[in-house]
Amino acid sequence: MVNGVRALFERATAANTPAANGTSQVGPGFPSDRASAFAAQFAGVYLNFTAADAASRAGKLGPFLPDGADQQFGWDGYGRLGAVGVQPYDIEVIDTRNAVVSVVFQTGSRRLLLSVPVYYSGEDAGRKFVVSGRPALLPAPAAADLPQVASPEGDAAAEAELKPQLEAFFKAYAQGDTQALKRYFVAGKTLPDLGGALTFGELKGVVVPVGGATREIQAEVVVVWIVPTGATPSADPTADPSAVGGRLEQAYRLTVEKQGDKWYVKDIRGAGRAVG
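Residues numbered from 1 in each chain as written. Predicted model: local features only at pLDDT ≥ 70, side-chain atom pairs only at ≥ 80, totals over all residues. Heavy atoms only, no water.

### Quick notes on empty space enclosed by the protein
The tally for this structure, following the rule as stated, stands at one cavity of 30 Å³ or more. Of the volumes computed, that of the largest cavity is approximately 40 Å³. Surrounding the largest cavity, Leu162, Gln165, Leu166, Phe169, Tyr184, Val256, Trp263, Tyr264 and Val265 form its lining. (1 Å grid on protein atoms, 1.4 Å probe; cavity = no way out; pocket = protein on both sides within 12 Å on 5 of 7 lines; lining within 4 Å. Points joined across faces, edges and corners; volume = space filled by probe spheres on them.)

Listed below in structure tokens is the structure:
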């Protein structure tokens, strides 16, 4: 059966030359999503091995491989490899039965791709998918170059007004203090809070663009959270880090509205802005 599956794959490959650079080809009738999930699950087993765990790995690989295939699928039983963050990345559909799935993963400090040939036996078959050939390790694409974006013109007066109010808001937002939060939300507005999962440390900076009574604060509210270690966390940002946990800087967008001399929060989201 190994040779039969391999022959099917080789004939399909010869008749349908893949596009360069991993460009996906859409083939009618091939279940890409399910094949990608199958390949990612296979990769999670295939990419993790130690000599002490060889027998267990062989048993886990079995459901993915053709009958009669090498139980370790090319590994000689020595060395070790560990992979995390295993996710489908791309799929190159060759025809209604064959595809090559690219799976991205992290090993140590490196991101890599695993190319997995997959054969689909059809809806009526008992086993839908099988790995039809040896996988291949490939470099993952490099990170994109992020264009520089000019910061918006800031309203210094609004920033001075907002900073102390936002410090109190984020403290209540972290603690899940619903009564205190009512003071900071626009009348009639309620938003989910963090319910005490984290402790507010400090507000490092606020940039408020020039505008009217309603402002969109774009990605410039930076909060330092004190992440609990398991013990009751301290709100004191100068406390011993081993006692209070780590400090994690994050960024938020808020829509705020001024009523009288106070600002109120209408919405809070993760930071993000369009770049060219």
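### Some thoughts on the pairing of strand β2 (residues 98-107)
Here β2 lies mainly inside the structure; nine of its 10 residues are buried. As judged from the seven bridges shared by strand β1 (residues 84-93) and β2, these two strands associate in the antiparallel manner. Bridge pairing in β2 places Ile91 opposite Val101. Here β1 folds back onto β2, and the loop between the two strands holds four residues. Across 10 bridges, β2 lies against strand β3 (residues 110-120) in antiparallel orientation. Paired with Val103 across the bridge in β3 is Leu114. The hairpin turn running from β2 into β3, its antiparallel successor, is two residues long, and Gly108 in that turn takes a positive phi close to 60°. (Buried < 20%, exposed > 50% of the residue type's maximum accessible area, 1.4 Å probe, protein only. Helix = DSSP H or I, 4+ residues; strand = E, 2+ residues; numbered from the N terminus. Pairing = 2+ DSSP bridges.)

### Observations concerning the packing of helix α2 (residues 32-46) against helix α3 (residues 54-61)
At a minimum axis separation of 9 Å, α2 and α3 run at an interaxial angle of 165°. Taken together, the axis directions place α2 and α3 in an arrangement best described as roughly antiparallel. Viewed along their axes, α2 and α3 form a crossing whose handedness is left-handed. In this structure, α2 uses Phe42, Val45 and Tyr46 to contact α3, whose residues at the interface are Arg57, Lys60 and Leu61. Its residues placed into classes, the contact of α2 with α3 shows four nonpolar, no polar and two charged. (Axes fitted to C-alpha atoms, helices over the stretch in contact; angles between N-to-C directions. Parallel < 35°, antiparallel > 145°, perpendicular 65-115°, else oblique. Left-handed = near helix turned anticlockwise from the far one by under 90°. Contact = heavy atoms within 4.5 Å. Nonpolar A, V, L, I, M, F, W, Y, C, P; charged D, E, K, R; others polar.)

### Focus on helix α4 (residues 156-175)
Owing to its 3.6 residues per turn, the α-helix aligns residues three or four sequence positions apart on the same side. Relative to the 28 Å expected for 20 residues at 1.5 Å per residue, α4 spans 29 Å between its end C-alpha atoms, a close match to the ideal helical length. The largest bend in α4 comes to about 30°, at Leu162, with the proline Pro164 one to four residues further on. Of all the residues in α4, the buried ones are Ala158, Glu159, Leu162, Gln165, Leu166, Phe169, Phe170, Ala172, Tyr173 and Ala174. Its side-chain oxygen placed 3.2 Å from the backbone nitrogen of Ala157, Asp155 serves as the N-cap of α4. Downstream of α4 by a residue or two, Gly176 has a phi angle that is positive, lying close to 75°. (Expected span 1.5 Å × (residues − 1). Bend = angle between axes of the 7 residues up to and from the residue. Polar contact = N/O pair within 3.5 Å; in protein donor to acceptor, adjacent residues only side chain to side chain.)

### Observations concerning the side chain of Thr107
Inspection of the secondary structure puts Thr107 in strand β2. For Thr107, the residues in contact, after removing those within four places along its chain, are Leu81, Gly82 and Leu112.

### Looking at the side chain of Asp155
Inspection of the secondary structure assignment puts Asp155 in the loop between β5 (136-139) and α4. Looking at Asp155, its side chain comes within polar contact range of the main-chain nitrogen of Ala157, at 3.2 Å. Among the polar contacts made by the side chain of Asp155, one reaches the main-chain amide nitrogen of Ala158 at a distance of 3.1 Å.

### A short note on the confidence of the model for the protein chain
In this model, the protein chain carries a mean pLDDT of 80, and residues with pLDDT of at least 70 account for 78%. Ignoring residues within four places in sequence, the model shows residues 1-27, a span with pLDDT below 50, making 39 contacts including any to other chains. (pLDDT = per-residue confidence, 0-100.)

### Considering the packing of aromatic side chains
Aromatic ring pairs are reported here in terms of the distance separating the ring centres and the angle at which the planes meet. Under the definition given, this model contains 16 aromatic pairs. Ring plane angle 20° and centroid distance 5.5 Å describe the contact between Phe169 and Tyr173, whose orientation is recorded as stacked. Within this pair, Phe169 and its partner Tyr173 are both found in helix α4, separated by four residues, close to a single helical turn. The exposure class of Phe169 is buried, given its relative accessible area of 1%. Tyr173 sits in the buried class, given a relative accessible area of 10%. (Phe/Tyr/Trp six-rings, centres within 6.5 Å; stacked < 30°, edge-to-face > 60°.)

### Some words on the nonpolar core
Phe42, Leu114, Val116, Val118 and Val131 are the most contacted members of the largest nonpolar core, which has 28 residues in total. Elements with a minimum of two residues in this core: α2, β1, β2, β3 and β4 (129-131). The greatest single-element share of this core, amounting to seven residues, is contributed by α2. Among residues more than four places away in sequence, those in contact with Phe42 are Leu61, Phe64, Leu65, Phe73, Leu114, Val116, Val131 and Pro135. (Core = buried A, V, L, I, M, F, W, Y, C linked by side-chain atoms within 4.5 Å.)

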